[in-house]
Amino acid sequence: MKLQRFIRWGSVISLGIYGVSVAVAACWLYSWRWGGPPVAHASLTAEEARILTDYDDFLATRAVLLYRDEMSQLWELNGMDDGEETPWMVKLALRLTADVYSRDTLGPHRELLHAFLTKGTEQKIPVGMALYALIKQDVKLFKLLLDKASDLKEPVASRSVLSALAYATYPLGNELSVAERLEMLDWLYSRGVDIHCLPPHKLLDSVRHTLLVSDDVGAAVFDWFLRHGYQVDQQKALTLLLNSAEALPTLQKLVADGFLPVPTESLAPYFECSPLQFVASRTRPLPDTVRWLLSLGHNVHGQTFKPDIARDLPEFFRHSTLDVCVMALQNMYHDNEDAAGYLEVLSVLLQHGAVPSAKTKSLLPRFDAELRNRVVKLMEQHGYYILTWENSCNACCQP
């Protein structure tokens, strides 16, 4: 009897301790979300109070869900689900992990927001809080919080804001549109923010980043910086914009207006090759960029590397512009969406006097006879019979 009583009371006590522990943990994890916003200070207008109250609701509800979604996406992107449904225990662990992040990041911002609502314009806020408003993609909120920031014109604060607008990606993967970012940059500039406090390498890194993962495929933000007097390494800027078909109109306007120099026959010191070699070797065909460079007088035969260092350079630097283009087709098939673009580049080069070399034959497409024939016929249309003597039908004569 004593043993049964001991087991019974032991179980009750254990369950009680477990229940209290769970309750304490839940309070620690979720209490930051409890309650609504305080009454807005009289110094705040009705519209300002509405914007801030809406932001408070966003932090306590939708932002938390965004964190949970992001955690689940990271699990899937890393291949941890193995194509099968995620077990419920893993889902619970992911949710709890996301909620811990929410508490540590969103909780302090909500406290600052409540303090600001209580004290109004007497309460200054750090720029970091305004930056976090970007997850809501709300320009009015962003401007309101920055207007109240005490350190906006300090170099560190200005650099943080400019970097966020340049890179376009913010917490939880959301971003402002190009038009909104340009509007914000104009607004900051009108308030005397020094755009030069953003290091040049950061701006150039942001260009490389946003051309790939944002809607700023035309490099409009970079164009804004240059047209407002920002100075960067011009040769590096050229190599970045030459690499994008969508950014070509921006590059052309910047060159025409004198904000970037006319590309020379060499991309040194970043690449020991000519712009034409560089463009013809890209992972995407850029026929319009090739035409533009040729219109500037670039030589299709241009090679800038020195023979004594050629062995230390990547392979494509050692080939002519025409051969670089043929190399891009080497492992493709005729139905590849980029194949037609590279054939167009090849045609443009041939029209401007490009000549096959002794290596061209060895660089022809290897896995698709139809694509190989298209390349050969294109060269034959310009008088270059690189497969002469290979077939019995033309072995008796030389063109």
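What counts as what
- Residues numbered from 1 in each chain as written.
- Predicted model: local features only at pLDDT ≥ 70, side-chain atom pairs only at ≥ 80, totals over all residues.
- Heavy atoms only, no water.
- 1 Å grid on protein atoms, 1.4 Å probe; cavity = no way out; pocket = protein on both sides within 12 Å on 5 of 7 lines; lining within 4 Å.
- Points joined across faces, edges and corners; volume = space filled by probe spheres on them.
- Helix = DSSP H or I, 4+ residues; strand = E, 2+ residues; numbered from the N terminus.
- Nonpolar A, V, L, I, M, F, W, Y, C, P; charged D, E, K, R; others polar.
- Salt bridge = Lys/Arg side-chain N within 4 Å of Asp/Glu carboxyl O.
- Buried < 20%, exposed > 50% of the residue type's maximum accessible area, 1.4 Å probe, protein only.
- Phe/Tyr/Trp six-rings, centres within 6.5 Å; stacked < 30°, edge-to-face > 60°.
- Contact = heavy atoms within 4.5 Å.
- Patch = residues over 30% accessible without salt bridge, like charges linked within 9 Å, V, L, I, M, F, W, Y side chains within 5 Å.
- Areas by Shrake-Rupley, 256 points an atom, 1.4 Å probe, with all protein chains shown as cover.
- Expected span 1.5 Å × (residues − 1).
- Core = buried A, V, L, I, M, F, W, Y, C linked by side-chain atoms within 4.5 Å.
- Arc of directions from axis to C-beta.
- Axes fitted to C-alpha atoms, helices over the stretch in contact; angles between N-to-C directions.
- Parallel < 35°, antiparallel > 145°, perpendicular 65-115°, else oblique.
- Left-handed = near helix turned anticlockwise from the far one by under 90°.

Caption draft 1: Broad picture of the layout of surface pockets. By volume, the largest pocket amounts to about 380 Å³. If you trace the largest pocket, you find 15 residues lining it, with Arg208, Leu212, Thr239, Leu240 and Asn243 closest to the centre. Mapped by element, the contributors of at least two residues to the lining of the largest pocket are helix 9 (200-213) and helix 11 (234-242). Grouping the amino acids of the lining of the largest pocket by side-chain chemistry returns six nonpolar, four polar and five charged.

Caption draft 2: Empty space enclosed by the protein, seen in detail. In this structure the tally under the stated criterion is one cavity of 30 Å³ or more. The space that makes up the largest cavity amounts to roughly 50 Å³. Ala166, Arg181, Leu203, Ser206, Val207, Thr210, Leu211, Asp216, Ala219, Val221 and Phe222 are the residues that line the largest cavity. Elements represented by at least two residues in the lining of the largest cavity include exactly helix 9 and helix 10 (220-227). Ranked by residue count, the leading element in the lining of the largest cavity is helix 9, at five residues.

Caption draft 3: The arrangement of the pattern of salt bridges in detail. If you walk through the whole model with that rule in mind, you get 15 salt bridges. Between Arg103 and Asp104 there is a salt bridge; the shortest N-O distance is 3.1 Å. Its salt-bridge partner being Asp257, residue Arg227 comes within 3.0 Å of it at the nearest N-O pair. Of this pair, Arg227 sits in helix 10 while Asp257 sits in the loop between helix 12 (248-256) and helix 13 (275-280); the two residues are 30 residues apart in sequence, bridging distant segments of the chain. The class of Asp257 is partly exposed, set by a relative accessible area of 48%. Through salt bridges with shared partners, a single network forms among Asp54, Lys136 and Asp138.

Caption draft 4: Quick look at the packing of aromatic side chains. Per the stated rule, a full pass over the model turns up five aromatic pairs. Seen in terms of ring centroids, Phe271 and Phe278 are 4.9 Å apart; in terms of plane orientation they differ by 45°. Their pairing is tilted. By relative accessible area, which is 2% here, Phe278 ends up buried. One aromatic cluster in this structure is built from Tyr189, Trp224, Phe225 and Tyr230.

Caption draft 5: Geometry of the side chain of Ser206. Within the secondary structure, Ser206 sits in helix 9. Judged by relative accessible area, Ser206 falls into the buried class, the value being 2%. With near-sequence residues (within four places) excluded, Ser206 lies in contact with Ala166 and Tyr167.

Caption draft 6: Looking closely at a nonpolar patch on the surface. Together, Trp88, Met89, Leu92 and Leu96 make up an exposed nonpolar region whose accessible area comes to about 460 Å². Mapped onto the elements of the fold, Leu92 is located in helix 4 (residues 88-119). The class for Leu92 is partly exposed, based on a relative accessible area of 42%.

Caption draft 7: Region of the structure containing helix 16 (residues 339-351). Taking 1.5 Å per residue as the helical rise, helix 16 with its 13 residues ought to reach 18 Å, and the 18 Å between its terminal C-alpha atoms agrees with that figure. Of all the residues in helix 16, the buried ones are Ala339, Gly341, Tyr342, Leu343, Val345, Leu346, Ser347, Val348, Leu349 and Leu350. On its buried face, helix 16 is in contact with helix 13, helix 14 (287-295), helix 15 (321-329) and helix 17 (369-380).

Caption draft 8: Structural view of the side chain of Ser102. Mapped onto the secondary structure, Ser102 falls in helix 4. Ignoring any residue separated from it by four or fewer positions in sequence, one finds Ser102 in contact with Trp32, Val64, Tyr67 and Gly107.

Caption draft 9: Molecular detail of the nonpolar core. In this structure, Leu145, Leu146, Phe222 and Phe225 are the most contacted members of the largest nonpolar core, which totals 110 residues. Excluding its chain neighbours within four sequence positions, the residues that come into contact with Leu146 are Val127, Ala130, Leu152, Val161, Met184, Trp187 and Leu188.

Caption draft 10: How the structure looks around helix 9. For helix 9, built from 14 residues, the straight-helix expectation of 20 Å at 1.5 Å per residue is met to within 8% by its first-to-last C-alpha distance of 20 Å. For helix 9, the full list of buried residues reads Leu203, Leu204, Ser206, Val207, Thr210 and Leu211. Viewed end-on, helix 9 has its buried residues packed into an arc of 155°, placing them on one side of the element. The secondary structure elements touched by the buried residues of helix 9 are helix 7 (155-167), helix 8 (178-190), helix 10 and helix 11.

Caption draft 11: Representation of the packing of helix 2 (residues 46-60) against helix 6 (residues 139-148). Where helix 2 meets helix 6, the axes come as close as 10 Å, and the angle between the chain directions of the two elements is 110°. When the axis of helix 2 is compared with that of helix 6, the two are roughly perpendicular. Together, Glu47, Glu48, Ile51, Leu52 and Tyr55 of helix 2 and Lys140, Leu141, Leu144, Leu145 and Lys148 of helix 6 make up the contact between the two elements. Class assignment of the residues belonging to the contact of helix 2 with helix 6 gives a composition of six nonpolar, no polar and four charged.

Caption draft 12: Summary view of the packing of helix 15 against helix 16. The geometry of helix 15 relative to helix 16 is characterised by a closest axis approach of 10 Å and an angle of 165° between their N-to-C directions. Classified by the interaxial angle, the pair formed by helix 15 and helix 16 is roughly antiparallel. Note that helix 15 runs across helix 16; the crossing there is left-handed. Facing Thr321, Leu322, Cys325, Val326, Ala328 and Leu329 of helix 15, the residues of helix 16 in contact are Ala339, Tyr342, Leu343, Val345, Leu346, Leu349 and Leu350. Its residues placed into classes, the contact of helix 15 with helix 16 shows twelve nonpolar, one polar and no charged.

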